[in-house]
Amino acid sequence: MKLYDYILSPSCYKVRLMAAIAGVKLDLRPVDFHPGREHKTDPILALNPAGTIPILVDGALILTESSAMLTYLAALAAPGWLGDATPADRAQVEQWLAFSPRLTASCGGARLHDMLLMPGDIGALRASATRALRELEAALSARRRRGHSFLVGAIPTIADIACFPYVALAPDGGIDLGPYPSIRLWMRAIRGLPGFIEMPGIHRLHEASAEPAPEIGGTAG
Amino acid sequence: MTTTWTAAALSQDVPAGTAAPGRLGDRDLAIWRSASGKIAAWADRCPHRGMRLSHGFVRGEALSCIYHGWRYGQTGQCIKIPAHPGLEPPDAIRVPAFAVAEASGVIWVADGAPATAPPAFEGFTGFRSLQVDAPASVVAEALGGKGDAIRAALGPTPAVALIQPLGPDRSGLHLLAPLSAAPEALDALSVAAEDLRRRAEAGQKGRAA
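Residues numbered from 1 in each chain as written. Chains lettered and ligands numbered in written order. Predicted model: local features only at pLDDT ≥ 70, side-chain atom pairs only at ≥ 80, totals over all residues. Heavy atoms only, no water.

### Overview of the overall build of chain A
Helix and strand counts for chain A stand at seven helices and four strands. Listing the helices and strands of chain A from first to last along the sequence gives β-α-β-α-β-β-α-α-α-α-α. For a compact globule of 221 residues, the expected C-alpha radius of gyration is about 17 Å, and chain A comes in at 18 Å, within 12% of that figure. With respect to the principal axes defined by its C-alpha atoms, chain A has extents near 55 × 55 × 40 Å. Buried positions account for 49% of the 221 residues belonging to chain A. Considering only intrachain contacts with a sequence separation of at least 6, the fraction spanning at least 24 residues in chain A is 65%. Between the averaged position of the 21 positive side-chain charges in chain A and that of its 21 negative side-chain charges there is a distance of 5 Å. (Helix = DSSP H or I, 4+ residues; strand = E, 2+ residues; numbered from the N terminus. Rg over C-alpha atoms; globule rule 2.2 N^0.38 Å. Buried < 20%, exposed > 50% of the residue type's maximum accessible area, 1.4 Å probe, protein only. Contact = heavy atoms within 4.5 Å. Lys, Arg positive; Asp, Glu negative; His and termini not counted. Charge placed at Lys NZ, Arg CZ, Asp CG, Glu CD.)

This is how it looks when you write it as structure tokens:
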């Protein structure tokens, strides 16, 4: 299974993260998104006329939407992550998958503006991000009240993976996550999941692993 | 100098083994709780390279900076520099610590030593913190009260609202509800608080225009 990938793309990271958690090995094909704009070149456009990444290719199957890729990876190798135990759960997973592009457009748009100097109305992007983050915070605080750490049901699902990266990297777009305590604890729960992998700007829980032993033969003493 | 207590966060939002950002006046705080449950509020700046300690991680009873792992004990004293494992860190490497106390599920902080304990609201506990893009006075007015601790009428469930000034056009709103309140009652309070925030922010925009 081949992923057309860019290391700094939160959308590509969603797919890498889900694959790592599900234990699916991906053949990564780096795309020079910046500065090369390779995603707008003919060979990539031939695969995905929309000119976006990620692109996931598995035999004859070509997927160009990250939420569909999460569904595919979970259905293949980690069906519990589909979160479809009840009709309501299934609908709520769909709800968050459909919500996630708002985070991409707002938090992600602000990030592209600030990091890669892409055009955009930064005030409007941040205001839109604030609205989306407030909705997410309210929903997660209601989940915590019921003893749950994740968006849907009792266990993590593709809904969490779909929403997590653009939220975690919102500070790259000048958006402070300080006002969102439930989001902070939710991100912490995701970062502590078995199989979790990092991307630049999103680190694992250092405290979850043992303290490194002192270097033998180092300068100690 | 602030020698009164400021509501800075809710106890439920800083569980054992975690660190969170906070504010006291115009200063950034790292509020963190050790594995055994001890709460602390420090300047949010590692003395080494200035990294925010609220990005750091807690192991046992110490907070470590995420950047180079400098480790600080309960008093703010640096106790370990991983790149120099044999070095006993000098006393001068210390993070400024603020007074901190918990009551009714609220984390109160102060610069200096307040003469009294922070206020307790018998039978109530903190359940939600929100940030409002409006000054404290506008939030108080929207709540129908005055001052920084208001018995709020936000529907059938009684609530206490603690307002934390965060500069000229921003406030923290820490909400307390009865300990006995069911999740559904808290959901309704939460919705009412968001409604109040919309009104306060709309009023603020109207004023600014």
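### Section: the sheet that holds strand β14 (residues 171-178) of chain B
All names here are of chain B. On the basis of which strands lie adjacent, the open sheet formed by four strands has the order β11-β14-β13-β12 and antiparallel pairing. The open sheet has two free edges, formed respectively by β11 (124-132) and β12 (149-152), since each of these has just one partner strand. Within this sheet the neighbouring strands show an average axis-to-axis angle of 25 degrees, counted without direction. Direction of pairing for strand β13 (residues 159-165) relative to β14: antiparallel, over a ladder of six bridges. Counterpart to A161 in the pairing with β14 is L175. (Pairing = 2+ DSSP bridges. Axes fitted to C-alpha atoms, helices over the stretch in contact; angles between N-to-C directions.)

### Comments concerning the domain arrangement of chain A
All names here are of chain A. When its domains are assigned, chain A resolves into domain 1 (2-80) and domain 2 (82-191). If you average the C-alpha positions of domain 1 and of domain 2, the two centres end up 20 Å apart. If you look at the interface, domain 1 gives 18 residues, while domain 2 gives 19 residues. Between domain 1 and domain 2, a total of about 1500 Å² is buried, with carbon and sulfur atoms accounting for 70% of that surface. By the criterion of area lost to domain 2, the three top residues of domain 1 are P10, K14 and G80, representing 31% of everything that side buries. Counting across the interface, domain 1 meets domain 2 through zero salt bridges. One can count six residue pairs in polar contact (both at pLDDT 80 or more) joining domain 1 with domain 2. Going through the elements one at a time, α1 (10-22) and α3 (66-77) are the ones with two or more residues in the side of domain 1 that touches domain 2. (Domains from an automatic or database assignment. Buried area = accessible area lost by both parts, 1.4 Å probe. Salt bridge = Lys/Arg side-chain N within 4 Å of Asp/Glu carboxyl O. Polar contact = N/O pair within 3.5 Å; in protein donor to acceptor, adjacent residues only side chain to side chain.)

### Brief notes about α1 of chain A
Side chains of residues three or four places apart in an α-helix project in the same direction, reflecting 3.6 residues per turn. All names here are of chain A. Counted at 1.5 Å a residue, the expected span for α1 with its 13 residues is 18 Å, and the 18 Å between its end C-alpha atoms agrees. Along α1, twelve of the 13 residues are buried, which leaves the element largely enclosed by surrounding structure. Among the residues of α1, those classed as buried are P10, S11, C12, Y13, K14, V15, R16, L17, M18, A19, I21 and A22. Those residues of α1 that are buried are in contact with β1 (2-5), β2 (27-30), α3, α4 (87-115) and α6 (158-168). (Expected span 1.5 Å × (residues − 1).)

### Concerning unusual backbone geometry
Note that the residue after H34 of chain A, namely P35 of chain A, is joined by a cis bond; omega there is 5 degrees. Topologically, P35 of chain A is positioned in the loop between β2 and α2 (42-47). The phi angle at R37 of chain A is positive, at roughly 50 degrees, despite the residue not being glycine. Position of R37 of chain A among the secondary structure elements: in the loop between β2 and α2. You will see that S104 of chain B, though not glycine, has its phi angle at about 50 degrees, which is positive. For S104 of chain B, the location among the structural elements is in the loop between β9 (97-103) and β10 (106-110).

### Regarding the packing of α4 of chain A against α6 of chain A
All names here are of chain A. Here α4 crosses α6 at 10 degrees, and the two axes come no closer than 9 Å. Relative to α6, the element α4 lies roughly parallel. Across the interface between the two elements, V93, W96, L97, F99, S100, L103, T104, C107 and G108 of α4 pack against I158, A159, A162, C163, Y166 and V167 of α6. Per-class residue counts for the contact of α4 with α6 are twelve nonpolar, three polar and no charged. (Parallel < 35°, antiparallel > 145°, perpendicular 65-115°, else oblique. Nonpolar A, V, L, I, M, F, W, Y, C, P; charged D, E, K, R; others polar.)

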